[in-house]
Structures are given as C-alpha cells and as structure tokens.
Amino acid sequence: MSRSGSSERIVFLRRRIAALEAVGEPPPARAGGDGLSRLFDPGRSGLCEALPARPTDAAAAAGFAFALALRRLRLPPQGGIVWISEDMAARELGLPYGRGLQAAGLPPERLVLARTRRPRETLWAMEEALRSGAAVVVAESWAEASAYDLTASRRLALAARRSGCAGLLLLPRAAGAGQRLASAAETRFEIAACAPPPRAEGAPRPLPGPSAFRLRVVKARGLVGAFDPQTWRDIVFDHEEAEFHALPRPVPAAPRDRPALAPAAGEKRAPV
Amino acid sequence: MAVADARAMRPALRLAEADPQADAALLDRIADWCRRFTPLAATDPPDRILMDVSGAAHLFGGEAALLAEAERRLAAQGFAARGAIAPGPALARALARFSRLRHVPERATQAELEAIAARLPVAALDLDATARHRLDRAGLRSLGDLLARPRAPLAARLGSDVMARLDAIACRRREPISPRFEAPDFMAERRFPEGLTRQEDIERTLEGLARELCLLLERHGVGARELEAIFYRVDGAVAHIATGTSRPLRDPETIALLLRERLAVLAEEGLDTGYGYDVLRLGAARVERCDAPQEDLGLGKIDLAAREGEGGGLDDLVDRLGARLGPRRVLRLYPQATHIPELAVALRPASAPAPAMTETVPPAFLRTNGAPARPLRLFERPEPIEAVALTPDGPPLRFRWRRLLHELAAYEGPERIAPQWWSAPADAATRDYFYVEDREGCRFWLFREGLFGHESANPRWFVHGLF
C-alpha cells in the first residue's frame, strides 16, 4: 500500500476511535424527520381521532391518546384535562387510574372524569368541555363507525378550533375502520400495539420495554401528501420527557473490541 | 263491628282491603300538593294535613277564600275534605273534625278563642276509652267544663300530656308544626289561571323566576348552592327538579341554563304535562355568602366568564355536566393513604367540597426502566382469567381472558401486595402482581390471589388493569 493510502487509513481509524469514545450520547432521532413532529406538536389544537387497528389494540390506542394529552398539558397555560368515559367503554377498558396517571406524570387534581351513558351524551359532553376552555378533552365513546358522522364531528371540530383546546376522540368500536370513516377531524391515527422483539427459544424472558405503539396516519389535514396512509411507524413514548421517539432508538454502544458479526435481531447499535 | 253485621245493615256495602302504607303514601302526596298554598305543610297521620298559612293568605284573597279553594280543589281530585283555619294548629284540627265553625279570624282575642274551644266536645282531646268514660261519668262533656275547673286536681287525674293538649286547643300555648320539607329561604313563584303545557313557556317562566330569585339573593348578598324548582300540575301531580352548583351562583342566565339542562333530561324520559302546570316555584334550598364582583364604571358589566379564567371555566363545566348527567357521574380523583390498589384512589363527585388532602405522594411506582409501574386503566372489578403458571411463584405462561388466548412474551414482577393485617378479615388473600406483555404487545397487570400452599391450594388469577 502506498504511503498516502496508509496515512488516510490512519486518519480514518483515528476518527473512528474518537467516535467510539465519544462522551455523552448523541441526541436521539425524534420521530419527526418526516413531518410527524408537526403532527405531534403539543400546541396543535383541534379534533384528533384515534382508532385501534384491531379490537384488542383498544388499550394501546387509549395509551396513545393519553400520551398526546400529556404532551399538551406540559405547555403553559396550565389547564385541566377532562376525561369523558362512556359506560360501555369503561366496562371494556376500565376507568383511568389515579396512581397510574401520577406515575405517568399527570397530577390527579387536574383531571375531571365524566361518565356518560350513551354515545349522544358523550358527544354532547365533549362539545361542552371543548367550549369551556379546558386544555385537553379526551373522550372514549363506544359509538359505531356509522353512528359518528360528519355533522357530529364538524361541531366538535369547530368547538375545538374556536377555543383552541385539543380534543382527542377514541373510538374503540370502530377498529380497523380508519379508511372508511368520514369526519371533519384534523387528524386521524390508527394505532396498534407494538409486538416485542422475538425471543430465542430457551432464553429467559426479558423485562418488558418502554411503551411502544405502531402508528399509521390515516388523515392529516393541512399536511396533505406528507404521509403515506399505508406505512406503519413504530414509536416509543418517553414518560419523563413526554416525547415520542422513533424505534429503534439509537444508543451508542460502549467502546470495546468486537469482531465484525452481523447484529442479532433487535439489538440496538450506534449509527456509524 | 264485624263485616257480617255491617252487611246485614246495608247489603249493598262495598268492601276494600285496608292498606295503611298506601294510605300513608297518598297522604304524603296530598301534603306535597298542598305546598302550592304554602311551603310549610305537614302530615298528621292517619288522615289529616296541617298547613301553616300565616302570611300566605292574602295571595288567595283572604283566609276564607284560601280554605274554600283548598276544599274545592281537593274535591275536584276526588277527596272528601273538611278544613278549618284557626290561630293555633290544635284548635284548627279540632274544629275541622268536631265543629261547624270553620274560620276563626286572626285577630280573635284569647277570651274569644277560649269560648270557641269551650264548645268542643271532650273527644277532641284524643283520650283513651277509660279516661273518656270516667270523664263522662263525672259529667264533664265539653272542653268548657274542663277549662272551668281548677288545674291541679285535673292534672293529677288526667296527666300532663292531656293538659298540654288542652292548652294547645285553647291556644294558650302555640306549638309550631314540623313540616315535611323545609321552606326555602329564598323563593319566587308564579301562578297561572290556566296550566302551561308547552316546554318553551315553561322555560321562559323559569327564566323570569330566575331573574326574580337573583334579585332577592343580591339584596341579601348570598348566592345559591342548591336550587329546586317545583311544578304543580292542575290535576294534583307535583314534579321536582333539583340541581346543585359548585360555587354560589347569582347569575340568572346560568341558573336558567342549569334548569333547562335538567328539564331536558326529564323531557327525554317523558315529562307528562297533562293539562298543564299552573304553579311554578323556584327556591334556593342552600345559599352561601357571595360577594359581588367589582363592576367597571361606565362600561357596563364585564363578562364574568372572561375574567374568572381557568378555575371558573372548569367549575362551570362541572356544573353543566352534573346538571345533565347527574352529580355522581362527574368525578375527581383523590389519592388515599392506602396501598391496596383499588382503594388507593377515591372517585368523588366533583361538585362536593374537596376533602382535606390526606397526603402528598410524589410520583412513585416506576419500573426499572423508568416507565410507570401502575396501569393507566383499572377495571372496577378484577376480571378472572384462566392461567397456567409454570412455577408456583411465577407468572402465567399463557392465559385466557375474554375468550382470547394470550401468550407471555415478557414480564416483570412479582410485586407482593398483602392485605391490611390490621383491619382485613382472616381469609383475605395476598396478591402477587405481574406486569405482563404478550406476543402481540398488549400489556396487562395481572395478579394471583392467594399464596400457593399457605393460603389456598388453588390460587386464582385475575386481570386488574391495562397499560
């Protein structure tokens, strides 16, 4: 090898060693390189719908709605959150639990819980709450996809836009009907639970990872064309910072000598 | 007398079975209806109603007119009623039953009252048979005879409570009646010659009543916390609407709005207006001191909602939601000082005053990687599952919940939560909680109830919450 070639290689190797010994991790890639950061912008007001992909994903959709609400509540002005839970949805999914909300970072005194009996009452309560000026309104309704139509959603969207608060409507019964639903909401997400990485046979069961969702943006008003409604993205929600991160989350590996093996499935590596 | 004797005397007699409970209920309903004349109406079982009409008679054109109208309306509803008006309740009661005199004017002197009482028979004292027989044999047949006698030997003979009744009838001592419902301190009412049948008319009347009531409240510097609207139907039925607020209210529009929401709920279930409501009354059952907000000079009244900011907006929302859904369906979360998961947070109505915070708990319950260790959603009752666990202390390998099979992919636990040994019954079981993730990614908070071997041979598994 020529002398210039070897000096280049030395420079290259030196840079590589410096990168391996870097102090402090690089900032993780936000789930937003392609416009998701605008969608998840906490200051964004308006009506947002969250539908589960399958009926079993209803709890994941509820968790995602709560994550969005948490992000909005971190902003000043410090408003309250109104949670409207229909009786049937409460029987299927349970009621919000104060200790869990506390652990996730929401002080329970900012929450007002309203229990309604029928989908019509839920929609009425959501409209009243949006007009009253709470910071976030989360509603879970057992309405069918056919019962929730354009007129109802238009009233809600108008009320949300006028008062500048964020409305999140969760429709657990309309699982998988994301494409078929016609409404005046600004955004619509379809949520599924993110399956854990496959485990080799015989290996001990790992601890569950952070809360992760698989997300598909079915409708985003104002960002037409930025999202392909068919692509699924995996995102992780960090409760402490109330931020969404893309999966896999890049973490720099500790510097050590390792042979050039193909990485095992699910292992996270620093970008080199 | 026996039924046979009665039938013998009058063969065409109609018989009905006595139902004292139904009679008492009917008397209560008649007393509720009688509140259209005055809020203070009391029942005097088995078949009497006492009304305190002091100060209310002029609305009906005098006491005699009030009595005549009451009797006429009761007769129209099918009841045979006899009434009397007197300065004292016991005298009125006795007059209604035993005398032809029906109206004793208010300004009667004590001597006149005693003269009227003297004409009543001894039966007006409600004595038992032996005492009455004794008095009869002694020749004392009317109250006048008793009133003329010296008191001490009479008291020794008859007893002190009979003497108290005698004094009450002679109006020497006036006792108040105990009405069925407390009269509200602030009240506005409207009477109509014909009944109101349309909903818009009722709502407009309520708005007018709300304005009158708010003027009254403003004069006394208080705001309403509990409101009650009573509608009296022409044919005797009475309807109530009650609503509570979380702050003292004095604004007519807000009051009218709350009442309209309540009325809408009733209308959905079928408010039967029949021939219409002819008396509407709006009262503030509970009031609290409420200072007027500072008004801006020259610019008129400032929009209160804009100025009150956040706290006011959420409180108003709580009131509106509570008016439509019911106060028990609008809740707030209050953490409690207990480690049992389902009791750790109490859900209380948002309009009730907040209890003193028993503890300030820093956000705890975090798992090893910083994620929350308590579920976001908790079922009201833990749902049983069928689970197969490999080891007695371990998590279930697979479990069936709501007819779906879930296979374990990752878990964290167990977290042992033991019952309160100081207050729980002896057979309360320890719980081992697991945070479980299945192959699809759904996360559950499972627990096993009962330690294997120690507490039960067959521990059961439940799902308590979802993450």
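This text goes with the structure placed above it.
## Remarks on the pairing of strand E4 (residues 222–233) of chain B
Residue and element names in this part refer to chain B.
- With 10 of 12 residues buried, E4 is to be regarded as a mostly interior element.
- Across 11 bridges, the pairing between E4 and strand E6 (residues 277–289) is antiparallel. Bridge pairing in E6 places Leu227 opposite Ala284.
- Sheet topology places E4 next to strand E5 (residues 238–249); eight bridges connect them, and they run antiparallel. Residue pairing for E5: Tyr232 is matched across the bridge by Val238.
- The turn linking E4 back onto E5 is made up of four residues, and Gly236 within it adopts a positive phi angle of 110°.

## As for the packing of helix H6 (residues 119–132) of chain A against helix H7 (residues 150–163) of chain A
All names here are of chain A.
- Between H6 and H7, whose axes approach to 8 Å, the crossing angle comes to 15°. When the axes of H6 and H7 are compared, the pair comes out roughly parallel. Crossing angle aside, the handedness with which H6 passes H7 is left-handed. Contacts between H6 and H7 pair Leu123, Met126, Glu127, Leu130 and Arg131 from the former with Ala152, Arg155, Leu156, Ala159, Ala160 and Ser163 from the latter.
- Class assignment of the residues belonging to the contact of H6 with H7 gives a composition of seven nonpolar, one polar and three charged.

## Details of the pairing of strand E14 (residues 460–466) of chain B
Residue and element names in this part refer to chain B.
- Taking burial as the measure, the seven residues of E14 include five buried ones, the bulk of the element.
- Alignment of strand E9 (residues 377–389) against E14, held across five bridges, turns out to be antiparallel. Bridge pairing in E14 links Leu378 to Gly465.

## Digging into the sheet that holds strand E8 (residues 212–220) of chain A
- Strand order in this open sheet of 11 strands is E10(A)-E9(A)-E8(A)-E7(A)-E1(A)-E6(A)-E5(A)-E2(A)-E4(A)-E7(B)-E8(B), and the pairing throughout is mixed. This sheet does not close on itself; its edge strands, each paired only once, are strand E10 (243–246) of chain A together with strand E8 (345–349) of chain B. Ignoring which end each strand starts from, the neighbouring axes of this sheet average 30° apart.
- Its contacts with the sheet put helix H3 (residues 58–73) of chain A on strand E1 (46–52), strand E2 (81–86), strand E5 (136–140), strand E6 (166–170), strand E7 (187–193), E8 and strand E9 (233–238) of chain A, and the angle it makes with E1 of chain A is roughly 155°.

## A look at the sheet that holds E6 of chain B
Residue and element names in this part refer to chain B.
- Read from one edge of the open sheet, four strands run E3-E6-E4-E5, paired in antiparallel fashion. Two strands close off the open sheet at either side, each with one partner strand: strand E3 (186–196) and E5. Direction aside, the axes of adjacent strands within the sheet are offset by 15° on average.
- Pairing geometry for E3 and E6, over seven bridges, is antiparallel. Bridge pairing in E6 places Arg191 opposite Val279.
- Against the sheet, helix H10 (residues 199–220) engages E3, E4 and E6, with an angle of about 155° to E3.

Conventions adopted
- Residues numbered from 1 in each chain as written.
- Chains lettered and ligands numbered in written order.
- Predicted model: local features only at pLDDT ≥ 70, side-chain atom pairs only at ≥ 80, totals over all residues.
- Buried ≥ 20, exposed ≤ 12 C-beta atoms within 10 Å, placed from the backbone.
- Helix = DSSP H or I, 4+ residues; strand = E, 2+ residues; numbered from the N terminus.
- Pairing = 2+ DSSP bridges.
- Axes fitted to C-alpha atoms, helices over the stretch in contact; angles between N-to-C directions.
- Parallel < 35°, antiparallel > 145°, perpendicular 65-115°, else oblique.
- Left-handed = near helix turned anticlockwise from the far one by under 90°.
- Contact = placed C-beta atoms within 7 Å.
- Nonpolar A, V, L, I, M, F, W, Y, C, P; charged D, E, K, R; others polar.

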